[in-house]
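Listed below, chain by chain, are the residues.
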Amino acid sequence: MSQATQLGRRAVRIGTLSIGDGTPVAVIGGDDARWVSLRGHHGRSSADEVIGKARAGWPGPLLVEPFSAADLGAVAGHADGVVIGAAWMQDFRLVQAVARVGLPVVVQRGQAATLEEWLAIADYCAAEGNDQVVLCESGSRTHLGGTTLDLALMRAAAERSGRPVLADLGDDPALAPAAVAAGADGLLLSCGATSEVAEAAHEAASVVGALVRPEAPGSVSAARAAIDRVDAALATLLERRIALAGTVQRLKPVGGFRGRDMDRERRLVAAMARRAPSLGEARLAPVMNAVIEAGLRVAEEDSRR
Ligand SMILES: C=C(O[C@@H]1C=C(C(=O)O)C=C[C@H]1O)C(=O)O
């Protein structure tokens, strides 16, 4: 997605969390926001009790998936957003009632819903005067059993609607990097996701996000947070580079500082300068010299072990 397309999109605020519009990839069910579902116990759990408990344990942005319109009073009082669950997507009366609460709405795609049907629900909310809509791809039933996420559909929904999109990963973070690369503005984890799952989603949001999506921070703290994500990606790549350079030292007839190949170093700096034109070869050369020498030192230390 081009930066212009992304910045032209309608960001949605859920409590203190902003989704879309040049903001970092949010992890909902992780560090950025939490959600609870009132579908447990077939809707027999008390909305006030479940939401009250969630609120007591989490001061940040909180979303609630209602079981029915009867829950919306409790939701309105304590939540920052409402999730229309995939199984409820075409319950038009519920959708209408949810939109009228006035909180931001996350619309999960029904398991068999087409793009048109999904986008129509967002328009339905807008027709009720609530344009704060986020679309969440929650997967289709397929021959694989369970549900299979359709990241192309998620991307098409973002492009067609201009609305922020989420990928519903449940308890499996394996597709988190792919979802971020496909343009997800946020990752939705299951309500009870473990801290390991949340950490893996957060890592993908930071590292892959830094590589593939432009951000438009508007404050010093937001710009510093964006720099921290770029540094996370840089550190990941540096660690990988050190390992690969070490492999070359072991395989070359003469490795380490004695086998240094300045011609190869000049060529790689020139190639990098094409991707880093603001630095250019002259400024990049000392940076890469430091990186290469650090790698050679690590390789020499390793060879002595
Ligand atoms: C890895 C090599 O050994 C040295 C380290 C380099 C690097 O870290 O990129 C490049 C050239 C050599 O001076 C190599 O010869 O390719």
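Residues numbered from 1 in each chain as written. Predicted model: local features only at pLDDT ≥ 70, side-chain atom pairs only at ≥ 80, totals over all residues. Heavy atoms only, no water.

**Quick notes on the packing of aromatic side chains**
By the definition in use, this model includes 2 aromatic pairs. Between F67 and W88, the ring centres sit 5.7 Å apart and the planes meet at 65 degrees, which makes this aromatic pair edge-to-face. Placement of the pair is F67 in the loop between strand 5 (62–65) and helix 3 (72–78) and W88 in the loop between strand 6 (81–84) and helix 4 (92–101), with a sequence separation of 21 residues. Judged by centre distance (5.3 Å) and plane angle (50 degrees), the rings of F92 and Y124 are tilted. Residue F92 is found in helix 4, and its partner Y124 is found in helix 5 (residues 115–127); the two are separated by 32 residues along the sequence. The exposure class of F92 is partly exposed, given its relative accessible area of 39%. (Phe/Tyr/Trp six-rings, centres within 6.5 Å; stacked < 30°, edge-to-face > 60°. Helix = DSSP H or I, 4+ residues; strand = E, 2+ residues; numbered from the N terminus. Buried < 20%, exposed > 50% of the residue type's maximum accessible area, 1.4 Å probe, protein only.)

**What to know about the nonpolar core**
Across soluble globular proteins, nonpolar side chains show a tendency to be buried alongside one another. Counting residues in hydrophobic clusters, the biggest one holds 57 residues, and the most contacted among them are V107, A167 and L187. Every residue in contact with A167, bar those within four places of it in the chain, is listed here: E137, L149, L151, M154, A179, A184, G186, L187 and L188. In this structure, I14, L17, A26 and I28 belong to the second largest nonpolar core, which totals 15 residues. (Core = buried A, V, L, I, M, F, W, Y, C linked by side-chain atoms within 4.5 Å. Contact = heavy atoms within 4.5 Å.)

**Looking at the domain arrangement of the protein**
How big an interface is tends to be expressed through the accessible area that disappears when the partners come together. On domain assignment, one finds that the protein holds domain 1 (3–216) and domain 2 (222–304). Facing 7 residues of domain 1, the contacting portion of domain 2 comprises 6 residues. When the two sides are added together, the surface that domain 1 and domain 2 hide from each other amounts to roughly 540 Å², 71% of it contributed by carbon and sulfur. The largest contributions to the domain 1 side of the interface with domain 2 come from V207, A210 and E215, which together make up 57% of the buried area. Note that R229 and E215 form a salt bridge whose closest N and O atoms lie 2.8 Å from each other. Taken together, the residues that form the side of domain 1 that touches domain 2 break down as 4 nonpolar, 1 polar and 2 charged. (Domains from an automatic or database assignment. Buried area = accessible area lost by both parts, 1.4 Å probe. Salt bridge = Lys/Arg side-chain N within 4 Å of Asp/Glu carboxyl O. Nonpolar A, V, L, I, M, F, W, Y, C, P; charged D, E, K, R; others polar.)

**Concerning the site of the ligand**
Near the ligand, the surroundings consist of R241, A245, V248, Q249, K252, R260, D261, R264, E265, L268 and I292. R241 places a side-chain nitrogen or oxygen 2.8 Å from an oxygen atom of the ligand. In the complex, the protein chains occlude 91% of the 360 Å² of accessible area that the ligand would expose alone. Looking at the shell around the ligand, the elements that each hand over two or more residues are helix 9 (220–251) and helix 10 (262–275). Looking at the shell around the ligand, the element that brings in the most residues is helix 9, giving 4 residues. A class-by-class count of the residues in the shell around the ligand yields 4 nonpolar, 1 polar and 6 charged. (Near = heavy atom within 4 Å. Polar contact = N/O pair within 3.5 Å; in protein donor to acceptor, adjacent residues only side chain to side chain. Areas by Shrake-Rupley, 256 points an atom, 1.4 Å probe, with all protein chains shown as cover.)

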